[in-house]
Amino acid sequence: MNLHEYQARSLLKQAGIPVPDGEVASTPDQVEAIARQLGVPVVVKAQVHAGGRGKAGGVKLADDPTKAREHGEAILGMAIKGLLVEKVLVVPAAEIASESYLGLILDREQQRPVFMVSAEGGIDIEEVAASTPEKITRLAVDPRYGLLPHQAMSLAFGLYSDFKQVRAAAKIIGQLYDVFMTNGASLVEINPLVTTPSGEVLALDAKMSLDDNILDRRPDLAALRDLSAEDPSEVEARNAGLSFIKLEGNVGCVVNGAGLAMATMDLVKYYGGDPANFLDIGGSSSPEKVINALRIITRDPAVKAILFNIFGGITRTDDVANGIVVATRELQVSLPIVIRLTGTNETEAIRILDGAGMTALSDMDQAVERVVQLAQEAA
Ligand code: GDP
Ligand code: MN
């Protein structure tokens, strides 16, 4: 789950990181009122789940409240990377002497949180990473020991030479590690981390992604979810108890079990196709789940053929077969469907499908090859 900047800022602030206080507005009137109350200059910032807002015109400096209002008018309602801006953050503008980059991500290969730090932060960080990667320092943290003081100091020395600033940055780096670990983050980023002309070190932007698995334990974090900023089909799937991720291809996949779903996607690729989604209908699959899954998949106009790949362990394949029969009738699915099922109650499942004029394959390769071919013919 991605957080908005204003939400991430508040988590950083709770951890003690110096972040200028701002307020969120959803109308130009509110923008002006906040600017009057905070005092100018202010920065008006689009709140969307996308980076590069500065370059897209979604971050603007205003020297008086009327100007702030005009920026509010321009930014509210604009689209950044296809995302509609419904809220802006208004913050007192800081004076900037230098901009650095401070990021912490979960590196799945190293199986550790990894810091990425650069003295050349700001809106061109992607360019720095691409053309001069040596300017980004990386440090993996062993979560058994946590971030050690000398590690924080060594990262901070990479940013600043003034010792007061080094100490301030080392403290922020430690606090960032705590924010990351205590909130189940997969990414936390401060870009820019600035120094002011008077020598302060401040966080002027915050980006944060959380692992969804922490949300059941942390209702305070779950409450930060902004459904209007998410893919509607993924929201619907989550409400129906399905794990669903939309992808770019044209083969719709309905699978039980995350591992089998991954293997199915690999096999679709192997036979020259492209999966339209990842979908795990879970262990015990009621007909209802199948109906929901099919409804979500068929709403995507890119889908040209659908594959069911069901391994009956706890899942009863006859339940799934009933679901397929009811769902295709109810939703009047006109797309070609290939069904592969095997395992618990499979004889019963085949009988149910037979009765509805459908056939099931038991070989996974055969089924995948077939559905890829059907999708290609229809494309
Ligand atoms: P992003 O482009 O989505 O990462 O948005 P940022 O919040 O990082 O803002 C983009 C750029 O706007 C920053 O790199 C700064 O150069 C500038 N900026 C942001 N906040 C301030 C501020 O308080 N004062 C000044 N002078 N510039 C700011
Ligand atoms: Mn930024």
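The rules behind these values
- Residues numbered from 1 in each chain as written.
- Chains lettered and ligands numbered in written order.
- Predicted model: local features only at pLDDT ≥ 70, side-chain atom pairs only at ≥ 80, totals over all residues.
- Heavy atoms only, no water.
- Donors = N, O, S within 2.8 Å, 3.2 Å for Na, K, Ca; no water.
- Helix = DSSP H or I, 4+ residues; strand = E, 2+ residues; numbered from the N terminus.
- Buried < 20%, exposed > 50% of the residue type's maximum accessible area, 1.4 Å probe, protein only.
- Near = heavy atom within 4 Å.
- Polar contact = N/O pair within 3.5 Å; in protein donor to acceptor, adjacent residues only side chain to side chain.
- Areas by Shrake-Rupley, 256 points an atom, 1.4 Å probe, with all protein chains shown as cover.
- Nonpolar A, V, L, I, M, F, W, Y, C, P; charged D, E, K, R; others polar.
- Domains from an automatic or database assignment.
- Core = buried A, V, L, I, M, F, W, Y, C linked by side-chain atoms within 4.5 Å.
- Contact = heavy atoms within 4.5 Å.
- Phe/Tyr/Trp six-rings, centres within 6.5 Å; stacked < 30°, edge-to-face > 60°.

Here the focus is the coordination of the manganese ion (ligand 2). Around the manganese ion (ligand 2), the protein contributes the donor atoms Asn191 (O) and Asp205 (OD), at 2.1 to 2.2 Å from the metal centre. Remark: Asp205 occurs in the loop between strand 11 (201–203) and strand 12 (207–210) and Asn191 occurs in strand 10 (residues 185–195); sequence separation between them is 14 residues. Asp205 shares its class with Asn191; the two are buried.

This part takes up the site of ligand 1. Taken together, the neighbourhood of ligand 1 is formed by 15 residues, with Lys45, Arg53, Gly54, Ala94 and Glu99 sitting nearest. Side-chain polar atom of Lys45 to an oxygen atom of ligand 1: 2.6 Å apart, as the coordinates give it. At 3.5 Å from an oxygen atom of ligand 1 is found a main-chain nitrogen or oxygen belonging to Gly52. If ligand 1 stood free it would expose 560 Å²; the protein chains cover 83% of that surface. Of all the secondary-structure elements, those providing two or more residues to the shell around ligand 1 are strand 2 (42–46) and strand 10. Classifying every residue of the shell around ligand 1 gives 8 nonpolar, 3 polar and 4 charged. Residues from two domains meet in the shell around ligand 1; each of domain 1 (21–92) and domain 2 (98–222) gives at least three.

For the protein, the assigned domains read domain 1 (21–92), domain 2 (98–222) and domain 3 (231–378). Placing the centre of domain 2 and that of domain 3 at their C-alpha centroids yields a distance of 41 Å.

Turning to the nonpolar core, a few remarks are in order. Among the nonpolar cores identified, the biggest contains 40 residues, and Leu12, Leu102, Phe115, Leu176, Ile190, Leu193 and Met208 are the most heavily contacted of them. The biggest single contributor to this core is helix 6 (residues 163–182), with 9 residues. Beyond its immediate stretch of four places on either side in the chain, Met208 contacts Met1, Asn2, Leu3, Ala8, Leu11, Val179, Asn183, Ala185, Leu187 and Val188. Core analysis: the next-biggest nonpolar cluster, separate from the first, contains 29 residues, Ala276, Ile306, Val320 and Ala321 among them.

Right, let's talk about the environment of Arg299 for a bit. By the element assignment, Arg299 lies in the loop between helix 10 (287–298) and strand 16 (305–312). For the pair formed by Arg299 and Ser233, sequence separation is 66 residues and the distance between their alpha carbons is 8.5 Å.

Further remarks concern the environment of Gln110. Position of Gln110 among the secondary structure elements: in the loop between strand 7 (98–107) and strand 8 (112–118). Placed 96 residues apart in sequence, Gln110 and Ala206 show a C-alpha to C-alpha distance of 24 Å.

Let us now look at the packing of aromatic side chains. Summed over all chains, the structure comprises 2 aromatic pairs. Centroid distance Phe157 to Phe163: 6.1 Å. Interplanar angle 35°. Geometry classified as tilted. Looking at Phe157, the relative accessible area reads 45%, which means it is partly exposed. Seen in terms of ring centroids, Tyr270 and Tyr271 are 5.1 Å apart; in terms of plane orientation they differ by 85°. Their pairing is edge-to-face.

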